[in-house]
Amino acid sequence: QLQLVESGGGLVQPGGSLRLSCAGSRFTLDYYAIGWFRQAPGKEREGVSCISSSGGGSTNYADSVKGRFTISRDNAKKTVYLQMNSLKPEDTAVYSCAARLRDASSCNLEGYDYWGQGTQVTVSS
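### Observations regarding the pattern of salt bridges
Then, in step 1: Tallied over the entire structure, the rule returns four salt bridges.
Then, in step 2: Residue Lys66 is joined to Asp63 by a salt bridge in which the shortest nitrogen-to-oxygen separation is 3.0 Å.
Then, in step 3: A relative accessible area of 49% means that Lys66 is categorised as partly exposed.
Then, in step 4: The exposure class assigned to Asp63 is exposed, which follows from its relative accessible area of 65%.
Then, in step 5: A single salt-bridge network, built from bridges that share partners, covers Arg38, Glu46, Arg68 and Asp91.

### Some thoughts on the state of the cysteines
Cysteine pairs can be covalently joined through their sulfur atoms, and such a bond is termed a disulfide.
Then, in step 1: Applying the stated criterion across every chain, the model contains two disulfides.
Then, in step 2: Residue Cys22 pairs covalently with Cys97 via a disulfide, S to S 2.0 Å. As the torsion about the S-S bond is roughly 70 degrees, the Cys22-Cys97 disulfide counts as right-handed. Placement of the pair is Cys22 in strand β3 (residues 18-24) and Cys97 in strand β9 (residues 93-100), with a sequence separation of 75 residues.

### Points about the pairing of strand β7 (residues 69-74)
Then, in step 1: Burial along β7 is one-sided: Phe69, Ile71 and Arg73 are buried, and none of Thr70, Ser72 and Asp74, which face the opposite way, are.
Then, in step 2: Direction of pairing for β7 relative to strand β8 (residues 79-84): antiparallel, over a ladder of six bridges. Bridge pairing in β8 places Thr70 opposite Gln83.

What counts as what
Residues numbered from 1 in each chain as written. Predicted model: local features only at pLDDT ≥ 70, side-chain atom pairs only at ≥ 80, totals over all residues. Heavy atoms only, no water. Salt bridge = Lys/Arg side-chain N within 4 Å of Asp/Glu carboxyl O. Buried < 20%, exposed > 50% of the residue type's maximum accessible area, 1.4 Å probe, protein only. Disulfide = S-S within 2.5 Å. Helix = DSSP H or I, 4+ residues; strand = E, 2+ residues; numbered from the N terminus. Pairing = 2+ DSSP bridges.

Below you can see the structure in the form of structure tokens.
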């Protein structure tokens, strides 16, 4: 079974940056679409960004993070990254990555099958 592990979260001041990593511990992520999601306390989980499988070359971002976040992948390292710049307090959440094999050449924020445990991102002064 595909295992996903997130890392890179932490405490950062507003305007700061973090880079989150989503690593596939056993299988390569080449064939999977990967999505990043976040859930703040008391709020519903929301999609942040996604990237298609390596042959697709498609990315999407939530409006709230466009221009600030960048998703990318390194297939050789079995890792997908989420570079987060100009962080705001409202970005505070547990960030999780997820993988979807079906229709992986497309990128959307629905239908993900495998989930990591999440990493905490806190943006505060």
